[in-house]
Amino acid sequence: TCGAPIDDMNRIRKSISQIKGGGLRRIIGRASVEVLAISDVPDDDPAVIGSGPLIPDPVTASQALELLRKYKLDKKTPRPVVRYLEAKSRKENPGKAAEGNSGESAVENSGKPGEKITATERTDNTPELATCFTVIASAKKLAHAIAQGALSLGYHSHTHEGFLTGEAREVAHTLASHADDVLRHNKPVAKPAALIYYGETTVTVKGTGKGGRNQELALAAALALQGRHHITLLSAGTDGRDGETNAAGAIVNGSTCADAKKGGLNPETFLNNNDSWNFFRQTGGHLITGPTGNNLMDIQIALIDR
């Protein structure tokens, strides 16, 4: 509810975990490790996927406390966690190289504050600590597969290069504008077209409703697309779950809001209350897949017909 991006959330997690941020790699010791990763983070950064249990990237307690204050979470976080970080922060000396015997493994020392150890760092008396890392699935790979599927259905496909971020309702207006450019000007591709996006937006919750970032994006897009009857937009989480709901996301078009108003529903009221789930529950716009077994972030697809 604070609007923090996944990278910052993971940095806080690393600071209090014995597993994340390379903790599991230290436990394994000197054995060679091969990692096959399914990526749900921007740029497929090995240190960020799953909070990097096998990629040394320690976060100091001082950094974690700074993030808690930045997002006004310091008063909401359980006191034992805050006290632990405060005590650890007092003992830290960031930037100072770890001290120890010359024969000590760098990875064994990597829990000390201020260090960042690469996956293959070594000392004079220890063998190389090898970690082979391969991304076998990612949102970018999925988006390009969707583009091929769209082509096979007769659409001119265009995949947005780059990770989609920002407030969900603001991103919705950007996507609606892109779709309108295709509808009016055949840019960047001609109709019929499929515009494909991938990434992870955020929602700063101010209301008391129920929803998720994909449903919020779809509802905001429905408002922006009113009257554009040749545009359909889907926003969904690839894991089959959007927020704390049973829906993966939602599908909207230029008639969604008009149809809702005919039924006595005010889309703006639902959006202002962050209550997108109840809106789509009553209008029938939900995409419900059940758990998919994968998490490759979110996918948005805008179809623009002739």
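Look up: the structure comes first, before these words.
The rules behind the values
Residues numbered from 1 in each chain as written. Predicted model: local features only at pLDDT ≥ 70, side-chain atom pairs only at ≥ 80, totals over all residues. Heavy atoms only, no water. Helix = DSSP H or I, 4+ residues; strand = E, 2+ residues; numbered from the N terminus. Buried < 20%, exposed > 50% of the residue type's maximum accessible area, 1.4 Å probe, protein only. Contact = heavy atoms within 4.5 Å. Areas by Shrake-Rupley, 256 points an atom, 1.4 Å probe, with all protein chains shown as cover. Axes fitted to C-alpha atoms, helices over the stretch in contact; angles between N-to-C directions. Parallel < 35°, antiparallel > 145°, perpendicular 65-115°, else oblique. Left-handed = near helix turned anticlockwise from the far one by under 90°. Nonpolar A, V, L, I, M, F, W, Y, C, P; charged D, E, K, R; others polar. Phe/Tyr/Trp six-rings, centres within 6.5 Å; stacked < 30°, edge-to-face > 60°. Lys NZ or Arg CZ within 6 Å of the ring centre and 35° of its normal. Pairing = 2+ DSSP bridges. Core = buried A, V, L, I, M, F, W, Y, C linked by side-chain atoms within 4.5 Å. Salt bridge = Lys/Arg side-chain N within 4 Å of Asp/Glu carboxyl O.

## Focus: the overall build of the protein chain
Piece 1. Summing up its helical and strand segments, the protein chain has 11 helices and 8 strands in all.
Piece 2. Looking at the protein chain as a whole, 44% of its 306 residues qualify as buried.
Piece 3. Summarising the internal contacts of the protein chain: among those between residues at least 6 apart in sequence, 74% fall at separations of at least 24.
Piece 4. Total accessible area on the protein chain stands at roughly 15400 Å², and carbon and sulfur atoms take up 51% of it.

## A word on the environment of Phe280
Piece 1. Mapped onto the secondary structure, Phe280 falls in helix 11 (residues 276–283).
Piece 2. Sequence-distant contacts of Phe280, defined by excluding residues within four places in its chain, comprise Gln215, Ala218, Leu219, Ala250, Ile251, Val252, Gly285 and His286.

## Describing the packing of helix 3 (residues 61–70) against helix 4 (residues 79–91)
Piece 1. Taken N-terminus to C-terminus, the directions of helix 3 and helix 4 make an angle of 135°; their axes are 8 Å apart at the nearest point. In terms of orientation, helix 3 lies oblique with respect to helix 4. Of the two elements, helix 3 crosses helix 4, and the hand of that crossing is left-handed. Of the residues in helix 4, those in contact with Ala61, Ser62, Ala64, Leu65 and Leu68 of helix 3 are Val82, Leu85, Glu86, Lys88 and Ser89.
Piece 2. In terms of residue class, the contact of helix 3 with helix 4 is made up of 6 nonpolar, 2 polar and 2 charged.

## Description of the packing of aromatic side chains
Piece 1. Tallied over the full model, the rule gives 2 aromatic pairs.
Piece 2. A centroid spacing of 5.5 Å and a plane angle of 65° characterise the contact between Phe270 and Phe279, whose relative ring orientation is edge-to-face.
Piece 3. Residue class for Phe279 comes out buried when judged on its relative accessible area of 0%.
Piece 4. Between the aromatic rings of Phe279 and Phe280, the centroid separation amounts to 5.1 Å while the plane-to-plane angle is 85°, which identifies the pairing as edge-to-face. A single burial state applies to Phe279 and to Phe280, both of which are buried.
Piece 5. The rings of Phe270, Phe279 and Phe280 are connected pair by pair, giving a single aromatic cluster.
Piece 6. When the ring centre of Trp277 is taken as origin, the NZ or CZ atom of Lys210, which lies over that ring, is 4.1 Å away.

## Points about helix 1 (residues 6–15)
Piece 1. Listed as buried for helix 1 are Ile6, Asp8, Asn10, Ile12, Lys14 and Ser15.
Piece 2. Tucked inside the fold, the buried residues of helix 1 contact helix 3 and helix 4.

## Let's talk about the pairing of strand 8 (residues 298–304)
Piece 1. Summarising burial for strand 8: 5 of the 7 residues are buried, a large majority.
Piece 2. In this structure, strand 4 (residues 193–199) lies alongside strand 8, joined through 7 bridges in antiparallel fashion. Looking at the pairing, Ile196 lines up with Ile301 of strand 8.
Piece 3. Where strand 5 (residues 231–237) meets strand 8, 7 bridges bridge the pair, whose relative direction is antiparallel.

## What about helix 11?
Note on helix geometry: an α-helix contains 3.6 residues per turn, so any two residues three or four positions apart are oriented the same way.
Piece 1. Along helix 11, the residues that are buried comprise Ser276, Trp277, Asn278, Phe279 and Phe280.
Piece 2. For helix 11, the elements touching its buried residues are helix 8 (213–224), strand 6 (249–253), helix 9 (256–262), helix 10 (267–272) and strand 7 (286–287).
Piece 3. Gly284 sits one or two residues past helix 11 and shows a positive phi near 80°.

## Here's the deal with the sheet that holds strand 4
Piece 1. If you trace the 6 strands from one edge of the open sheet to the other, you get 3-4-8-5-6-7, paired in mixed fashion. Each edge of the sheet is formed by a strand with only one pairing partner; in this case those strands are strand 3 (156–159) and strand 7.
Piece 2. The strands touched by helix 7 (residues 168–185) are strand 4, strand 5 and strand 8; relative to strand 4, the strand with the most contacts, the crossing angle is about 160°.

## Overview of the nonpolar core
Piece 1. Among the nonpolar cores identified, the biggest contains 36 residues, and Leu175, Leu195, Leu217, Leu233, Val252, Phe280 and Ile304 are the most heavily contacted of them.
Piece 2. Excluding residues within four positions of it along the chain, Leu195 makes contact with His158, His178, Ala179, Val182, Val189, Gln300, Ile301, Ala302 and Ile304.
Piece 3. Residues Ile12, Ala61, Tyr71 and Leu85 belong to the second largest nonpolar core, which totals 9 residues.

## Section: the environment of Ala224
Piece 1. The residue Ala224 is located in helix 8 in this model.
Piece 2. Separated by 51 residues in the primary sequence, Ala224 and His173 have C-alpha atoms spaced 6.1 Å apart.
Piece 3. Non-local contacts of Ala224, meaning those with residues more than four positions away in its chain, are made with His173 and Ala176.

## As for the pattern of salt bridges
Piece 1. Per the stated rule, a full pass over the model turns up 8 salt bridges.
Piece 2. Glu216 is the salt-bridge partner of Arg169, the closest N and O atoms lying 2.8 Å from each other. With Arg169 in helix 7 and Glu216 in helix 8, the pair connects residues that are 47 residues apart, well separated along the chain.
Piece 3. Residue class for Glu216 comes out buried when judged on its relative accessible area of 3%.
Piece 4. Taking the shortest distance from any N to any O, the salt bridge between Arg228 and Asp180 comes out at 2.9 Å.

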